[in-house]
Amino acid sequence: MAALSPARLRLSDLLRLGGYGLRSRPLRAVLSALGIAIGIAAMVSVVGISTSGQADLDEELAALGTNMLTVAPGRTMFGDDATLPDDALDMIRRIGPVTSATAVGSVGDTSVYRTDRIPPGETGGLSVVAAQLDLLGTVDAELAGGRWLNAATARYPAVVLGAAAARRLGDVPAVYIEGRHYPVVGVLRTVPLAPELDNAVLVGWDAAKSYLDFDGHATRVYTRSIESQVEAVRGVLAATANPRNPDQVDVSNPSDALIAQRAASSTFNSLLLGLGAVALLVGGIGVANTMVISVLERRAEIGLRRSLGATRGQVRTQFVAESLLLSLLGGVGGVLGGCLVTFVYAGTQRWPAVVPLWAIAGGLGATLLIGAVAGLYPAIRAARLAPTEALAAA
Amino acid sequence: MTTVIELERVTKSYPGVTALHEVDLTVGHGELIAIVGPSGSGKSTMLNLIGTLDRPTSGTVRIDGHDVASLSDRQLSALRARRIGFVFQSFHLAPGRDARTNVADGLLYTGLARRERERRAENALVRVGLGDRLGHRPHQLSGGERQRVAVARAVAGDPAVLLADEPTGNLDSASGAGVVELLRELNAAGTTVLVITHDHEIAGSLPRQVPMLDGRVV
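The structure presented is a predicted model; accordingly, all values stated were derived computationally and were not measured.

So, about the overall build of chain A. The helix and strand inventory of chain A stands at 12 helices and 11 strands. Scaling as 2.2 N^0.38, a compact globule of 394 residues should have a C-alpha radius of gyration of about 21 Å, whereas chain A reaches 34 Å, well beyond that. The dimensions of chain A, computed from C-alpha atoms along their principal axes, are 110 × 50 × 40 Å. Scored against the burial criterion, the 394 residues of chain A give a buried share of 43%. Across chain A, contacts joining residues at least 24 apart in sequence account for 85% of those joining residues at least 6 apart.

Encoded structure:
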């Protein structure tokens, strides 16, 4: 009399068994996998999009350089606006590692109009800024059209528009400032490291003094330093710009601001990730529900398999395998969907599309976990079914 | 003659009902037996106990030399996989799968490789006269043919005992007679066969009858 021990189910047979239940009801399988797919797609695309944005920022920063520091007047101890001393720019230029420095000065209380017909007050929020001739090279600005100010036009009424200012004013040959028309000689592209210039209407330093009562005080100094010395330069900039009141000087690094701005959007990302997790949970419940119904409907099949010699463990494994396949179906669909969303979105933003491998692996891992958890209870119920009872159900 | 099935003072009670009262039954190797009786007489309960799908409340059931009471659920499963074949009144065939797959699926728990299962399934189908229906799905087969597929599934693993619970219950008399004839052939080739039936004509045509009434062998 041979000892009785049940044969093991081969893995290939187990997979075929798991797939059998799904193939016999394909629509139900697809619908319940859809919940998982949506959850995984949401999470993968959130991670993918923010990673792509990060990759784009890294590229942008690599192109722009992180060696720009700006100096602006802060406030006095009484809370009034401070000013930079007249020789601040010259002093800054003398700092060894500073490779270039230039200044702009905000021309207070001036408004810019498209024509002299616009009623005063409808200013459009544009600011008139006096610029020096070496501005473009230092802030890495480029012209979208026309030309930059030169030694001649800097002394006479002529303006170059920032990108946003140009959009707001439209395609005008000249703008109207303080009773005088200023021909538009050029338009800038967006300046990532000096976004304040996008809203500016730039006039020559001398022209601002002659026609607009500009007081000649720099309101912002842009500097470029040797990359390795940026921190050292940052340490001495305030004291150099205003030796008497270094605490009335604000020094900042615009690339830090760009990074901070992207970081702010990560709160939004965690919200979306949370929503993805909720969708995943609901998807998991959907899979569990499908499996419970499947077990109820297939009692006769369970009874038959028991009579054919399936152990309780083998019945349980069959249903867990089915649940795993079901959620894996959703997981794979979700990962593909998430990648697609990332690629499309990155495409519209002109970002490099990046989906980190850990997000894909994590997504698939999460679906396997969900499949196992969702399938376990129905599978245990299937295995506990008494064979005679299961057969009688048919 | 070796004993294949041995029931000794077997009782099976459910809450409020006693389905079997101290039944004794001995079946030798190679027998062909009809278990007859009206519904509710305990035929199916006895078949479930012989098939190790259920355990007795008291008494001893010995199948192929194994005392069922001493075996774990896993061991009973192994016993069913290798030594017992079932045929049911309602066939229990998987709807979307062809005859060959249905029969081969019956060998899933024997540990045989897929190719070997399919080879044996084809042999079994040839043996029951369905050699030309291998690729047919259940809905493409007549009732008699479906039951033949079920019989093929039961005997594909070459079991010591074939248990048939009302195998002709859902068939017209011609198909039913064909299935009984098939069981007779299998028996002639060496398989021990137990058939539950309430058709006295079929029962009378088999070598041995075990008449049952109210949970007892009479």
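The next thing to look at is the overall build of chain B. Helix and strand counts for chain B come out as seven helices and 10 strands. In summary, chain B has a C-alpha radius of gyration of 17 Å against a globular reference of 17 Å for 218 residues, a match within 12%. Dimensions of chain B, computed from the C-alpha atoms along their principal axes, are close to 45 × 40 × 35 Å. Across the 218 residues of chain B, 50% fall into the buried class. Sequence separation of 24 or more characterises 71% of the internal contacts of chain B that already satisfy a separation of 6 or more.

In this section: the sheet that holds strand E5 (residues 66–67) of chain B. All names here are of chain B. In space, the four strands of this open sheet follow the order E2-E1-E4-E5, with antiparallel pairing throughout. The open sheet terminates on both sides in strands that have one partner only, identified here as strand E2 (17–28) and E5. Where strand E4 (residues 58–63) lies against E5, two bridges are found, and the strand directions are antiparallel. For Arg 62, the partnering residue across the bridge sits in E5 and is Asp 67.

Before going further, it helps to examine the sheet that holds strand E8 (residues 192–197) of chain B. All names here are of chain B. Overall, mixed pairing links the six strands, which are arranged E6-E7-E8-E3-E9-E10 in an open sheet. Each having just a single partner strand, strand E6 (84–87) and strand E10 (216–217) make up the two edges of the open sheet. Bridge count between strand E3 (residues 32–36) and strand E9 (residues 208–213): four bridges; the pairing is parallel. Directly across from Ile 33, in E9, lies its bridge partner Arg 208.

In this model, chain B carries a mean pLDDT of 92, and residues with pLDDT of at least 70 account for 100%. Two summary scores accompany this predicted model of the complex, namely pTM at 0.73 and ipTM at 0.94.

What follows is about the pairing of strand E7 (residues 161–165) of chain B. Residues and elements named next belong to chain B. Across the five residues of E7, five count as buried, placing the element largely inside the fold. Alignment of E6 against E7, held across four bridges, turns out to be parallel. Within E7, the residue paired with Phe 86 across the bridge is Leu 163. Pairing of E7 with E8, which is carried by five bridges, proceeds in the parallel orientation. Bridge pairing in E8 places Leu 162 opposite Val 193.

The next subject is the UniProt feature "domain: ABC3 transporter permease C-terminal" (unreviewed entry) in chain A. Per the UniProt record, "domain: ABC3 transporter permease C-terminal" (unreviewed entry) is annotated on residues 275–386 of chain A. The span residues 275–386 of chain A shows a helical share of 88% and a strand share of 0%, and its end C-alpha atoms are spaced 41 Å apart.

Let us now look at the environment of Gln 248 of chain A. All names here are of chain A. Tracing the chain through its elements places Gln 248 in the loop between helix H7 (230–241) and strand E11 (249–252). With 173 residues separating them along the chain, Gln 248 and Arg 75 place their C-alpha atoms 5.4 Å apart. Among all residues touching Gln 248, those that are not within four sequence positions of it are Pro 73, Gly 74, Arg 75, Thr 76, Ala 82 and Asn 242.

To continue, consider the packing of helix H2 (residues 26–64) of chain A against helix H11 (residues 357–384) of chain A. Angle between the axes and distance between the axes: these two values describe a pair of packed helices. Residues and elements named next belong to chain A. Orientation of H2 relative to H11, taken along the N-to-C sense of each, is 155 degrees, at an axis distance of 10 Å. Compared by their axis directions, H2 and H11 come out roughly antiparallel. Relative to H11, H2 is oriented so that their crossing is right-handed. For the pair H2 and H11, the contacting residues are Ile 36, Ile 40, Met 43, Val 44, Val 47 and Gly 48 in the first and Ala 359, Ile 360, Gly 363, Thr 367 and Ile 370 in the second. Class assignment for the residues of the contact of H2 with H11 results in eight nonpolar, three polar and no charged.

Our next topic: the nonpolar core. In this structure, Ala 152 and Leu 194 of chain B are the most contacted members of the largest nonpolar core, which totals 110 residues. Here the element with the most residues in this core is H2 of chain A; it accounts for 13 residues. Leave out the neighbours within four places in its chain, and Leu 194 of chain B touches Val 27, Ile 33, Ile 35, Leu 47, Ile 50, Val 161, Leu 163 and Ala 164 of chain B. Residues Ala 131, Leu 136, Val 160 and Val 191 of chain A belong to the second largest nonpolar core, which totals 58 residues.

Another point: unusual backbone geometry. Note: most residues except glycine have negative phi, and most peptide bonds are trans. In this structure, Asp 213 of chain A takes a positive phi of about 55 degrees despite not being glycine. Secondary-structure assignment places Asp 213 of chain A in the loop between helix H6 (205–212) and strand E10 (220–225). C-beta crowding within 10 Å serves as the criterion here: with 12 such atoms nearby, Asp 213 of chain A is assigned to the exposed category. For Asp 214 of chain B, which is not glycine, the phi torsion reads 50 degrees and is therefore positive. As for its placement among the helices and strands, Asp 214 of chain B is situated in the loop between E9 and E10. What makes Asp 214 of chain B partly exposed here is the crowd of 14 C-beta atoms within 10 Å.

In this model, H2 of chain A (39 residues) spans 53 Å end to end at C-alpha, consistent with the 57 Å of a helix rising 1.5 Å per residue. Looking at the residues trailing H2 of chain A, positive phi occurs at Gly 65 of chain A, about 85 degrees.

Here we take up the interface of chain B and chain A. Interfaces are often described in size by the accessible area the parts lose on coming together. Taken residue by residue, the interface counts 26 residues in chain B and 22 residues in chain A. Here the side of chain B that touches chain A gets eight residues from one element, more than from any other, and that element is helix H2 (residues 73–83) of chain B. Among the residues forming the side of chain B that touches chain A, the class breakdown is nine nonpolar, 12 polar and five charged.

Residue and element names in this part refer to chain A. When the UniProt feature table is mapped to this numbering, "transmembrane region" (unreviewed entry) covers residues 29–49, 271–296, 324–345 and 357–377. The straight-line gap between the two end C-alpha atoms of residues 29–49 is 29 Å; of that span, 100% is helix and 0% is strand. In this annotation, residues 324–345 is assigned 100% helix and 0% strand; the end-to-end C-alpha distance for the span is 31 Å.

It is worth spelling out the packing of H2 of chain A against helix H10 (residues 312–349) of chain A at this point. Residue and element names in this part refer to chain A. Where H2 contacts H10, the two axes come as close as 6 Å, and the packing angle between them is 35 degrees. For the crossing formed where H2 meets H10, the hand is right-handed. By residue class, the composition of the contact of H2 with H10 is 18 nonpolar, 14 polar and no charged.

In this section: the UniProt feature "domain: ABC transporter" (unreviewed entry) in chain B. As recorded in UniProt, the sites labelled "domain: ABC transporter" (unreviewed entry) are residues 5–218 of chain B. Structurally, residues 5–218 of chain B comprises 35% helix and 27% strand, and the distance from its first C-alpha atom to its last is 18 Å.

What counts as what
- Residues numbered from 1 in each chain as written.
- Chains lettered and ligands numbered in written order.
- Predicted model: local features only at pLDDT ≥ 70, side-chain atom pairs only at ≥ 80, totals over all residues.
- Helix = DSSP H or I, 4+ residues; strand = E, 2+ residues; numbered from the N terminus.
- Rg over C-alpha atoms; globule rule 2.2 N^0.38 Å.
- Buried ≥ 20, exposed ≤ 12 C-beta atoms within 10 Å, placed from the backbone.
- Contact = placed C-beta atoms within 7 Å.
- Pairing = 2+ DSSP bridges.
- pLDDT = per-residue confidence, 0-100.
- UniProt positions renumbered as here; feature names shortened; annotations may be inferred.
- Axes fitted to C-alpha atoms, helices over the stretch in contact; angles between N-to-C directions.
- Parallel < 35°, antiparallel > 145°, perpendicular 65-115°, else oblique.
- Left-handed = near helix turned anticlockwise from the far one by under 90°.
- Nonpolar A, V, L, I, M, F, W, Y, C, P; charged D, E, K, R; others polar.
- Core = buried A, V, L, I, M, F, W, Y, C linked by C-beta atoms within 7 Å.
- Expected span 1.5 Å × (residues − 1).

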